[in-house]
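Chain by chain, the residues run as shown.
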Amino acid sequence: MYLLDTTTGRLELVDDPRKESYAILSHVWQHEGEQTFQDIQALNQGLVRQLSSVLRVRRNEPVSILPRASAKIRECCEYARNHGFKKIWIDTCCIDKSSSSELSEAINSMYEWYAGADVCFAYLSDVSDAENPRRRNSFFRRSRWFRRGWTLQELIAPKSLQFISKEWHFIGTKFTLADVVEQVTGIQKAILTHKRSLDSVSVARRMSWASTRETKRPEDEAYSLMGIFGVTMPTIYGEGRAAFLRLQEEILKHIRDQSIFAWGSIFGVSSRGSSLRWQYEYKDGFDPSILFARSPAEFHHSGDIEPIPLDRLEQRLGIHARVPDYTITSYGVRSSFPSVVINNSSTSALRLAILACHVADSSTASSGKLIALLLTQQPNTSAQSQRFVVGARGSQMPQWLFEDLEGGSDLPSDAVTQATRTSSSQSDSTRGGHSSQSSLPTLTDDLNLYRAVVLPRSQYKSEPILFCSPTATYETRGLMKAAWAHLCITHRSLFDASSTNMWDVYTWDGLVPSGSELSPAPMSYECPCEVIIPGWTITRLEEKGYSLWLLPRHRCRALALQVGFSSSPKIHSLALCSASEVILIHVGACPAFELPPPRSSSRVSLLQGVHASSRRGGIGTPPEVYPALCVTVVFLPVPKVAIQQVHSEDDDPHLETCWMDHVDSWEGGAKTFKRGKTTVQIAFTSCPGAWTHQQQHTAARRVPGRPMYTMGVRVNPKTSKPGTTISITTRTSLQ
């Protein structure tokens, strides 16, 4: 560990920081002006060469580089020196980042360094000491320092922390401002003041502290949390979000806490007492079907989930507890969970995997209830394989799962419709003497994908939770206990979630692929778009004896058509001309589709149906509807084009109905047209790297652009002499 001398600015290497007395700086890096380890070393070497006179050495006058250091380092050293500290650690200049081993050691040791410092100075560059930090909406509460990923451990680890204003004036300590800091960060006052051990806090809650914080690099989302969980691992910059997956694997090895699995959309979990149901908005690259989260952001609503001891789980389920043993393989995480099958539909079996954790927030109706993962059979596997993905839709889950057996329902009124179910009275031994005639909630919103659910309570406090058998009807209400099952749950994404739409991969009936293999939905050809006919395609046509013309009078060597835009023609007419015939190819948006206004934000058609191509956006977003790309081919067996009349597109009776072929309906985007001995094959291909409307308008990505397709044209002509073509000499618009 390198420490900076607060008087001379020299870097000193210490072997055991625990034997040193030093201050430490916590701050937010600026875009410019931060001096590195190499910068400080260069200043020291240069200054020593300049000021190495015998006179100065005899007088023992210290040689200081601080006047040439950055303002932040200079002011920080002065502030520490005034408080009696000879040494200070500053991350910008005390880590040699040119050495990967030293950088990795510093990142793994950073929590201990902050915990071992005599005092931590938290420099808030956007806060003035002239304002009371306790004021509502004060600059202190809105400081960037509270939103950065690395400053989380820098806030919790030190025993003593002073908040410093941008003028380098004292604001307060984390003890005196603990209540304000708790309101801003959600970290309990007892944790901030070290009256409660960090190890006593659940994994889910610790993750929720970091859920709203940001880091410059995705790897730092994991590396900045290693000290919070007391784990170490190699740092590999360039691995991206795989670092957070590795972090969770390390946590699983060292901490006995299954709340690490309780992230994302959980039915029945409150968001700080505000609502009993919430829907997580899965962002770019996030996959809710896997066991491990991709980012701390997915734990945003999991702060109230805490683990329970195994003996308590045994008591609540009425089964003998087992010590979980996790084995991580390429197929997933293998472990034993208390489990029960709750739905045996023809499409997929739905199973509960009960976790040793519960909702701890006493202010909600879900307080004390167990959490269970919703598991669906992994695609393309047999029922005996016991391989699962996480997640199910509300309509998949049985009705009894949403009913509190003590009376009342955890289902919010805004998400359900009340459906009265009448059934025969049941015996006191089954229902405890209660009548089964009641008004029960029914899910109507099928856009919600839940990863887990809060289990209903047992009817009697001293008895275990009983579950309805999947083979029993609601009226018979067959009950059973959970049983231990050895399961394999996918922990890494089965597909590239950054480029695959969840609605395309999973059917409406559950987490089951929409075909024999896991693949995106078929290609959709939509307008507005750009259709490109490459020059080599036109050259090949000329070798067959055809010239390509864009009517009325433009011979083409390469072509790019703007289709479906308000400023472009409704129909583009192309003519393939040879000595014996003319083949007209009309390309355009569906004529029966009413285009939305230009630059419309909604971009949803007023006319929906078979004339449109509908693609689903992100989770919770309505379908985006666009006009379909259409093509039609007309054969004219005449030696030359001699049509003199020019008629307007607006007067064309064909535009009232769809008279063209939808490319969506072509198998593989290709179709062959034939008349006599002449065949024309037209094939469309999406341009590599071009955006589709589906990608442009998902909740996670709203970027400008347009779909681009290449149009291939191949002609097998009847007898004609190659190289002989006719010219279009009249100004015509053929429809």
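Look above for the structure.
This text gives an overview of the structure that appears in the document. Bear in mind the structure is a predicted one, so any value in this text is a computation, not a measurement.

What about the environment of leucine 374?
No. 1: With respect to the helices and strands, leucine 374 occurs in strand β13 (residues 370-377).
No. 2: Its relative accessible area of 0% is what places leucine 374 among the buried residues.

Details of the nonpolar core
No. 1: Grouped together as the largest cluster of nonpolar side chains are 111 residues, with contacts concentrated most on Leu4, Trp89, Phe121, Phe140, Phe163, Leu247 and Ile371.
No. 2: Counting residues per element, this core draws most heavily on helix α4 (residues 100-116), at 7 residues.
No. 3: Formed by 34 residues, the second largest nonpolar core is a distinct cluster that contains Leu576, Ile583, Leu629 and Val680.

A few points about the pattern of salt bridges
No. 1: This structure, assessed with the given rule, holds 12 salt bridges.
No. 2: Here lysine 87 ties to glutamate 20 by a salt bridge, and the two come within 3.2 Å at their closest N and O atoms. One end of the pair, lysine 87, is in strand β4 (residues 87-89); the other, glutamate 20, is in the loop between β2 (11-13) and β3 (23-26), and 67 residues separate them in sequence.
No. 3: Its relative accessible area of 26% is what places glutamate 20 among the partly exposed residues.
No. 4: Note that aspartate 179 and arginine 134 form a salt bridge whose closest N and O atoms lie 2.7 Å from each other.

Structural notes on the packing of aromatic side chains
No. 1: This structure, assessed with the given rule, holds 20 aromatic pairs.
No. 2: An angle of 80 degrees between the planes, with centres 6.4 Å apart, marks the rings of phenylalanine 85 and phenylalanine 121 as edge-to-face. Of the two residues, phenylalanine 85 is situated in the loop between α3 (71-82) and β4 and phenylalanine 121 in strand β5 (residues 119-123); the sequence distance between them amounts to 36 residues.
No. 3: Relative to phenylalanine 292, the ring of phenylalanine 261 lies with its centre 6.3 Å away and its plane at 20 degrees, an arrangement referred to as stacked. Highlighted residues: phenylalanine 261 in the loop between α11 (242-254) and β8 (266-267) and phenylalanine 292 in the loop between β8 and β9 (305-307), separated in sequence by 31 residues. For the pair phenylalanine 261 and phenylalanine 292, a shared accessibility class is recorded, and that class is buried.
No. 4: Taken together, the aromatic side chains of Tyr79, Phe85, Phe121, Tyr123 and Trp168 make up a single cluster linked through ring pairs.

The rules behind the values
- Residues numbered from 1 in each chain as written.
- Predicted model: local features only at pLDDT ≥ 70, side-chain atom pairs only at ≥ 80, totals over all residues.
- Heavy atoms only, no water.
- Helix = DSSP H or I, 4+ residues; strand = E, 2+ residues; numbered from the N terminus.
- Buried < 20%, exposed > 50% of the residue type's maximum accessible area, 1.4 Å probe, protein only.
- Core = buried A, V, L, I, M, F, W, Y, C linked by side-chain atoms within 4.5 Å.
- Salt bridge = Lys/Arg side-chain N within 4 Å of Asp/Glu carboxyl O.
- Phe/Tyr/Trp six-rings, centres within 6.5 Å; stacked < 30°, edge-to-face > 60°.

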